[in-house]
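# Remarks on the overall topology
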Amino acid sequence: MMAQTDPTSDSNTNLFYHLRKNHVKEKVNLRLKDSTPGTRRPAENTAHRSSFLRFTDFTQKAQNTSLPDGSPLPNSPSSMVNQYRLEDDDEGKEDANTKDIFVTVDHPESQVTAIETFILYRVVTRTTRSDFDSSEYEVRRRYQDFVWLRSKLEEKHPTLIVHPLPEKFVMKGMVERFNDDFIETRRRALHRFLNKISEHPILSYSQHFQVFLTAQDLAPHRKQGPGFLSRMGETVRAVANSVRGLRSRPEEFAVMQEYVDDFSNKMCCMDKVSQRIIKEQREYVDDLKQYSPTYARWGELEEELTEPLKGVASCVVQCSKEAEEHIQHLSEVLVPALHEYVLCAETLKAVMRRRDNIQAEFEAKNEALLTRKAEQEALQEEVDVLADRMEQANNSLKGDWVRWQHSMKTDLRSAFISAAEKNVEYYEKCLAVWESFLVSQRAEAGGGQEDVA
Amino acid sequence: MITETKSTDPKQTIFPAVNCACAENRHQSTASSADSSSGGGSTLAAYNHGRLCKGTALLRKLEINVAEAEKRTGKNTVNMQETYTVYLIEIRPAETEGGTPAAPDTLWRRYSEFELLRTYLLVTYPYIIIPPLPEKRAEFVWHKLSADNLDPDFVERRRVGLENFLLRVASHPVLSNDKIFFLFLTEHFFVYFAVLKSLSAMFRVKNPDKRFTALKQYSDELNSVISQLLRIRARVADRLYGVYKVHGNYGRVFSEWSAIEKEMGDGLQSAGHHMDTYAASIDDILEEEEHFADQLKEYLFYTDAVRSVCRKHELIQYELEMAAQDLAQKKQQKEELATGTVRIFSLKGMTSKLFGQESPEQKESRLAALEQSIQEGEETVKEKNTECQEFVRAAWDDIEHFKEQKDKDLREALISYAIMQISMCKKVWTFILVCILCMYINS
């Protein structure tokens, strides 16, 4: 099933191609063998769909001149992609029509006080909801405020999946805290965070969320609520419970836990691979750029050849520009999306832990109920409360899990597609650059060249 | 919805068909290098052949091929075992109308024998720009290619380069008539004879022909520019290779990820497969680029040949100037002897001053000897002058021919480079498109 490289063979180098083909096949096959059994889906499930896209069919039929379904290669691949995207967008529009709250994060501004310097972001809310006094709000918030909001949400709903915030300032790469790129990346992530909350069926109705969006001064609100000490108490309890250990995890949550661990691994890998790709592409472009001054220099040496040489030099310059744009897009769209889901994976792990703790607490009390004969009534009450709490926690998680999975798929799919589309665009543009060079050469030669489709 | 486009056979776009009656049939229906999907459209060999075949008498009679390469082991001149590669030269009489293709005459030659032939040509036709041989050792490698002379990829590219060399010589109006060249192609035992190395000593030329000076400078600069291009190319190839291979990692992670997802799984797995294919496609892409690099390399080596001719001119010019200078000196001496004045210091002059004048008989005989010497000197100068003029005329003839050839070849090389880039873009975005489709369809 592994793909064969298409031999644009030429008879003289056939021996060589024979060698090369085998060489490639071997390498690819080796990789297949290395992957552990069971990491690939069984063939039966994929048969009817993958047959549509099996590469071997593709090469046999089309030889790079048509798509798998036999239709000819479009002149503009972007137009073809757009076609599919339009069909897809129709689904998304439904959700957009039912949305009744819109939040944006923008206009980061530096704020200097005697003690510290920090960035304030503008948060604008537009809503038709009745529980909001007004339909439009504009407030200024700093990163700490977002952190406060998130911790409140998690406190109130320990087993709901609350979207993660961008990380606190990370030393990696020696990025300055007030570097423009860093601020912009963070702003985008904060914007996504608030939008994720506002799209959540439960979290978007949270009192804290409303306060965050509407209060001109958040400070008085931040002082309320369970204080530091009570949070400490919770943590101690949680640790104690985890020491006791869980009796047993219900099947569905065991599956969930396994998924979360695997998912976390995959996301980390993806993140790393994407960053590596960007790095390699940057190095490629840097070296590619060196072609053009050399071709230009050569052009100056020559007479008849000056014009084509300068043409090639200019082609290379243009292609490098396109490549840089492509890389820029990757780092603005794909990398942040993947990174976000790396953080999501951590969130999921925390949610699973909290759920486990709730279960552990219940089990502990339940055990006490069974062993201690005195205080039966009081204990029974407590056990009931905890049982309720556990059931609610489990149900919340189950419900939110489905929603989260769907959201994850949409987000990641769209990020990959966007990256791939940009990639196609890059090649389209390069192609156009070289084609216009060919046209100019043919014009020069006065039709002496071969016709190229 | 999707517009129709003309189908493009990548082979045709890369190697535009060039008609050549003697080679066409053979190359299109070649049995030895069968590829069932090639049916029609030119190949590299046909392109090369058509490009070079200018209808010299030799090529009207014969078809020349370097068909295969083989490894041999044997004892060398110092009686040690060594492994080397030999190449099969195939000579066929050119096809006549209605005739069946005859069986080829074949013989095996190794690289060093080609070198000997070329050195012979260099010495015998000093005013001609002798076509270069492919690299002796792998230079300008990027990491994927080994620097090993026995590496099959290197051997293959060398084979093509050797065939190119033979075709270039065979299509040269002067070189193709050389008897030794013919023997090289047909006789099993090549006659080894001692060959003179051209002088590499530094010497000053007083009145260099400006055209040759300019040519030498051009040749040096061209050498430098092409070397730099090839170096950059090696680096860029390395980088591009890295980019593609990392995409292979994507493929692996996609596939692993597909195993844990219920809904997205199919799409991810398909995308993963295509990612792998995309990653593997770099080998082909870089291989096609190799052809362009080889074309550049040929002209890089040509610059050495051009330089040789310039140096040979300098040598001849130098000899002429020496002869002229020698003659002038002798004339001066005669004048001094006749008039008795000493303008140039000479030992004879000094001794006669110290030890007294010579006798009239001695003076007469010395004058006569000088007169003789001057006569001979004038003959020499005349000869050298003629030699020089002849050389310049013949050389410049070949140089014009070379310039035309170079302009045409390199222009075509640049065009086919552009065509290759286009074909590569199309190929690659096909892969990506399919990946996108996977994502859309399986959601």
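Residues numbered from 1 in each chain as written. Chains lettered and ligands numbered in written order. Predicted model: local features only at pLDDT ≥ 70, side-chain atom pairs only at ≥ 80, totals over all residues. Heavy atoms only, no water.

## Observations regarding a negative patch on the surface
Residue and element names in this part refer to chain A. Our working definition: Grouping into patches uses exposed residues only, defined as over 30% relative accessible area, and leaves out salt-bridged ones; the cut-off is 9 Å for like charges and 5 Å for nonpolar side chains (Val, Leu, Ile, Met, Phe, Trp, Tyr). Each accessible area is a Shrake-Rupley estimate made with a 1.4 Å probe; only the visible protein chains count as cover when residues are assessed. When a carboxyl oxygen of Asp or Glu lies within 4 Å of a side-chain nitrogen of Lys or Arg, that pair is called a salt bridge. The charge count includes Lys and Arg as positive and Asp and Glu as negative, but it does not include His or the ends of the chains. The atoms used to mark charge sites are NZ of Lys, CZ of Arg, CG of Asp and CD of Glu. A helix here means a DSSP run of H or I that spans at least four residues, while a strand means a run of E at least two residues long, and both kinds are numbered starting from the N terminus. Note on classification: 1.4 Å probe, protein chains only; a residue is buried when its accessible area is under 20% of the maximum for its type, exposed when over 50%, partly exposed between these limits.
Taken together, E377, E381, D384, D388 and E391 make up a surface patch of like negative charges. Its place among the elements puts D388 in helix α13 (residues 376-445). When its relative accessible area of 54% is taken as the criterion, D388 is described as exposed.

## Some thoughts on unusual backbone geometry
What is expected of a backbone is that most residues other than glycine have negative phi and most peptide bonds are trans. Positive phi values are uncommon outside glycine, yet H107 of chain A reaches one of about 50 degrees. Tracing the backbone shows H107 of chain A in strand β1 (residues 101-112).

## A few points about the packing of helix α6 (residues 152-170) of chain B against helix α10 (residues 282-339) of chain B
Residues and elements named next belong to chain B. Filter applied, for reference: The angle between two axes is taken between their N-to-C directions and runs from 0 to 180 degrees, where each axis is a line fitted to C-alpha atoms and a helix contributes only its stretch in contact. Note on terminology: angles under 35 degrees are roughly parallel, angles over 145 are roughly antiparallel, angles of 65 to 115 are roughly perpendicular, and the others are oblique. Crossing handedness is defined as follows: a turn of the near helix away from the far one that is anticlockwise and smaller than a right angle gives a left-handed crossing, while the clockwise case is right-handed. Contacts are residue-level and defined by heavy atoms, with any inter-residue pair within 4.5 Å sufficient. Classes in brief: Ala, Val, Leu, Ile, Met, Phe, Trp, Tyr, Cys and Pro nonpolar; Asp, Glu, Lys and Arg charged; the others, Gly included, polar.
Two numbers describe how α6 lies on α10: the axes approach to 12 Å, and their chain directions differ by 50 degrees. Overall, the two elements α6 and α10 adopt an arrangement that is oblique. Here α6 and α10 pass one another in a crossing that is right-handed. Touching R157, N164 and R168 of α6 are E290, D294, K297, E298, Y299 and Y302, all from α10. A class-by-class count of the residues in the contact of α6 with α10 yields 2 nonpolar, 1 polar and 6 charged.

## Here we look at the confidence of the model for chain B
All names here are of chain B. Keep this limit in mind: Confidence of the predictor in every single residue is expressed as pLDDT, which spans 0 to 100.
Across chain B, the average pLDDT comes to 77, with 73% of residues at or above 70. Predicted confidence for residues 1-43 stays below pLDDT 50, and this span has 76 contacts to residues more than four positions away or in other chains. Contacts of residues 191-202 to residues separated by more than four positions or lying in other chains number 13 contacts, the stretch itself having pLDDT below 50. Model confidence for the complex is summarised by a pTM of 0.67, with the ipTM given as 0.70.

## Considerations on the nonpolar core
Cut-off, in case you're wondering: The term nonpolar core refers to a set of buried residues drawn from Ala, Val, Leu, Ile, Met, Phe, Trp, Tyr and Cys, joined through side-chain atoms within 4.5 Å.
In this structure, F263, Y295, W298 and W404 of chain A together with Y250 and W257 of chain B are the most contacted members of the largest nonpolar core, which totals 132 residues. Of all the elements in the fold, those that place two or more residues in this core are α10 (251-288), α11 (291-301), α12 (306-371) and α13 of chain A together with α8 (210-260), α9 (265-280), α10 and α12 (360-441) of chain B. In this structure, W298 of chain A is in contact with L309 of chain A together with L222, V225, I226, L229, L296 and L410 of chain B, ignoring residues within four places of it in sequence.

## Let's talk about the sheet that holds β1 of chain A
Residue and element names in this part refer to chain A. Inclusion rule: Each pair of strands is called paired provided DSSP finds at least two bridges between the two strands.
Strand order in the open sheet formed by 3 strands is β1-β2-β3, and the pairing between neighbours is antiparallel. Either end of the sheet is taken by a strand with one partner, and the two such strands are β1 and β3 (136-142). Averaged over all adjacent pairs, the angle separating strand axes in this sheet is 20 degrees, with direction ignored. Across 10 bridges, the pairing between β1 and strand β2 (residues 117-127) is antiparallel. By the bridge assignment for β2, V103 is matched with T125.

## Focus on the packing of aromatic side chains
For clarity, the threshold we go by: Only the six-membered ring of Trp is used, alongside the rings of Phe and Tyr, when aromatic pairs are assigned; centres must lie within 6.5 Å, and planes under 30 degrees apart are stacked while those over 60 apart are edge-to-face, with the rest tilted. Distance and angle both matter: a charge sits over a ring if NZ of Lys or CZ of Arg is within 6 Å of the ring centre and within 35 degrees of the ring normal.
Within this structure, the stated rule accounts for 28 aromatic pairs over all chains. With centroids separated by 5.6 Å and ring planes inclined at 85 degrees, the aromatic side chains of W434 of chain A and Y417 of chain B adopt a geometry described as edge-to-face. Taken as a pair, W434 of chain A in helix α13 and Y417 of chain B in helix α12 lie in two separate chains rather than in one. There is no split in this pair, since W434 of chain A and Y417 of chain B are both buried. Ring-pair connections join several aromatic residues into one group, and the members of that group are Y259, F263, Y341, W401, W404 and F416 of chain A together with Y250, F254 and W257 of chain B. For the cation-ring pair, R141 of chain A lies above F212 of chain A, with the distance from its terminal atom to the ring centre recorded as 5.3 Å. The ring of W108 of chain B has R72 of chain B lying over it, and the distance from NZ or CZ to the ring centre is 5.0 Å.

## Considering the environment of A324 of chain B
Locating A324 of chain B in the fold gives a position in helix α10. For the pair formed by A324 of chain B and N385 of chain B, sequence separation is 61 residues and the distance between their alpha carbons is 9.4 Å.

## Here's the deal with the pattern of salt bridges
Under the counting rule described, the total for this entry stands at 60 salt bridges over all chains. The closest approach of N and O atoms between R354 of chain A and E154 of chain A, which form a salt bridge, is 3.0 Å. Of this pair, R354 of chain A sits in helix α12 while E154 of chain A sits in helix α5 (residues 143-156), placing them 200 residues apart in sequence. On the accessibility criterion, R354 of chain A (22% relative accessible area) is partly exposed. With a shortest N-O distance of 3.6 Å, E322 of chain A and K429 of chain A are connected by a salt bridge. With E322 of chain A in helix α12 and K429 of chain A in helix α13, this pair connects stretches of sequence that are 107 residues apart. We classify E322 of chain A as buried; its relative accessible area is 17%. Through salt bridges with shared partners, a single ionic network connects K279, E283 and D287 of chain A together with R235 and R239 of chain B.

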